[in-house]
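# What the coordinates show
The lines below spell out each chain.
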Amino acid sequence: MAANKKRGAQAVRDMVISLALILLAAWVIYLFVPHDDTKDPVKPVGYGVELASARRAAPYPVAAPQGLSKEWRATSVRYTADGPKGAAWHLGFMTPDNEYAAVEQSDQRRPNRFIDDVTQGAEKTAKKQRVAGEEWTRYEGSKYDALVRPADDGKSVTVVTGTATFRQLSELAGTLQAKSGSDRAAE
């Protein structure tokens with residue numbers, strides 16, 4: 001019985017020593033691996049190729065900013081031709097003051113569901129806002145705010161959403177140029 005207690009104590013001691021050695025090794029690795037806490041963690045992406053592809057494939061004119069300040073950094077881009085959100089276009093940005101803003105479009109048959117999803121549950125308000133001659137509806141939420149505009153033909157909806165202020169969302173919306181693949185051929 002005394003031998004079992006001695007073996008148990010040795011096992012605990014060995015585990016404590018092993019844990020101390022692992023922590024020491026992790027600390028040494030951390031100390032010598034270069035890391036720069038001042039470096040911007042945002043990885044900008046190019047979206048020209050995806051935009052051209054989406055404009056050829058989408059059943060609606062795809063919107064992207066033209067003339068937006070270089071201080072806005074594109075961070076995510078995707079086009080899904082036949083997903084649960086319909087033919088959906090997404091283009092995400094970080095604003096100059098590191099807030100998030102995105103352009104979302106879909107031809108989904110249930111636009112209210114799409115809007116609720118991309119705005120993270122923001123609620124429609126009675127407020128309208130004119131941006132570059134177009135009327136947008138304001139949505140306000142606990143996480144994201146949004147500007148929403150259905151296409152004139154009713155076949156798609158454009159949402160400019162994010163943590164950015166309405167001024168910044170308006171700035172992004174004001175630079176949007178919606179084109180389709182056939183528009184590019186005419187250029």
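Note that the structure is a prediction, hence the values are computed from the model and not measured. (Residues numbered from 1 in each chain as written. Predicted model: local features only at pLDDT ≥ 70, side-chain atom pairs only at ≥ 80, totals over all residues. Heavy atoms only, no water.)

## Here's the deal with the overall build of the protein chain
Operational definition: Here a strand is any run of E in DSSP of at least two residues, a helix any run of H or I of at least four, and the numbering for each starts at the N terminus. We compute the radius of gyration from the C-alpha atoms alone; for a globule the expected value is 2.2 Å times N to the 0.38, where N is the number of residues. Any residue under 20% of the maximum accessible area for its type is buried, any over 50% is exposed, and the rest in between are partly exposed; the area is computed with a 1.4 Å probe on protein chains only.
Regarding its fold elements, the protein chain presents 5 helices and 9 strands. Each helix and strand of the protein chain, ordered N terminal to C terminal, gives the series α-α-β-β-β-β-α-β-β-β-β-α-β-α. Against the compact-globule benchmark of 16 Å for 187 residues, the protein chain has a radius of gyration of 25 Å, which places it well outside the compact range. Taken along the three principal axes of its C-alpha coordinates, the protein chain extends 85 × 35 × 30 Å. Burial statistics for the protein chain: of 187 residues in total, 36% are counted as buried.

## Re the nonpolar core
Side chains that are nonpolar tend, in soluble globular proteins, to be buried together. Heads up, the condition is: Put simply, a nonpolar core is a bunch of buried Ala, Val, Leu, Ile, Met, Phe, Trp, Tyr and Cys residues held in one set by side-chain atoms that sit within 4.5 Å of each other.
Core analysis: the largest hydrophobic core is formed by 26 residues, its most contacted members being Trp89 and Leu172. By size, the runner-up hydrophobic cluster in this structure holds 9 residues, among which are Ile115, Val118, Ala146 and Val148.

## A word on the pattern of salt bridges
Using the following cut-off: Salt bridges are identified by distance alone: a Lys or Arg side-chain nitrogen within 4 Å of an Asp or Glu carboxyl oxygen.
Overall, the coordinates contain 6 salt bridges when judged by the stated rule. Put simply, aspartate 14 and arginine 13 hold a salt bridge, and the shortest N to O gap is 3.3 Å. In this structure, glutamate 140 and lysine 127 form a salt bridge, with 3.4 Å as the shortest nitrogen-oxygen distance. Placement of glutamate 140 in strand β6 (residues 134-140) and of lysine 127 in strand β5 (residues 123-131) is noted, with a sequence separation of 13 residues between them. On the basis of relative accessible area, lysine 127 is assigned to the partly exposed category, the value being 44%.

## Thoughts on a nonpolar patch on the surface
Counted only if it meets this: Nonpolar side chains (Val, Leu, Ile, Met, Phe, Trp, Tyr) are joined into patches within 5 Å and like charges within 9 Å, using only residues with over 30% relative accessible area and no salt bridge. Each accessible area value is a Shrake-Rupley result obtained with a 1.4 Å probe; residue values ignore everything except the protein chains displayed when judging cover.
There is a patch of nonpolar side chains on the surface, built from Ile17, Leu21, Leu24, Trp27, Val28, Leu31 and Phe32 and spanning about 730 Å² of accessible area. Summarising the element assignment, leucine 21 is placed in helix α1 (residues 2-32).

## Here's the deal with the packing of aromatic side chains
Between two aromatic rings, the relevant description is the distance of the centres plus the angle of the planes. Using the following cut-off: Working definition: rings of Phe, Tyr and Trp (its six-membered ring) pair if their centres are within 6.5 Å, and the pair is stacked with planes under 30 degrees apart, edge-to-face with planes over 60 apart, and tilted otherwise.
Following the criterion strictly, the structure yields 3 aromatic pairs and no others. Summarising the aromatic geometry, the rings of tyrosine 47 and phenylalanine 93 are spaced 6.1 Å apart at their centres and angled 85° between planes, so their arrangement reads as edge-to-face. Pair noted here: tyrosine 47 is in the loop between α1 and α2 (48-57) and phenylalanine 93 is in strand β3 (residues 86-94), with a separation of 46 residues, a long-range link. The buried category is assigned to phenylalanine 93, whose relative accessible area is 2%. Both rings, one in tryptophan 72 and one in phenylalanine 93, keep their centres 6.4 Å apart while their planes meet at 75°; by these two values the pair is edge-to-face.

## Digging into the layout of surface pockets
To be explicit about the condition: A 1.4 Å probe that fits but cannot get out identifies a cavity on a 1 Å grid over protein atoms alone, an open set with protein on both sides within 12 Å along at least five of seven lines counts as a pocket, and a residue lines either if it has an atom within 4 Å of a point. Grid points are joined across faces, edges and corners, and a volume is the space filled by probe spheres set on the points. Residue polarity follows a fixed list, in which Ala, Val, Leu, Ile, Met, Phe, Trp, Tyr, Cys and Pro are nonpolar, Asp, Glu, Lys and Arg are charged, and the others, Gly among them, are polar.
Its volume calculated, the largest pocket comes out at about 320 Å³. Taken together, 20 residues make up the lining of the largest pocket; nearest its centre are Gln105, Arg149, Ala151, Thr158 and Ala178. Elements that contribute at least two residues to the lining of the largest pocket include exactly β6, β7 (145-150) and β9 (176-179). Top contributing element to the lining of the largest pocket by residue count: β9, with 3 residues. Each residue belonging to the lining of the largest pocket can be placed in one class, and the counts come to 12 nonpolar, 4 polar and 4 charged. Considering only enclosed or pocket space, the second largest pocket measures out at about 230 Å³ in volume.

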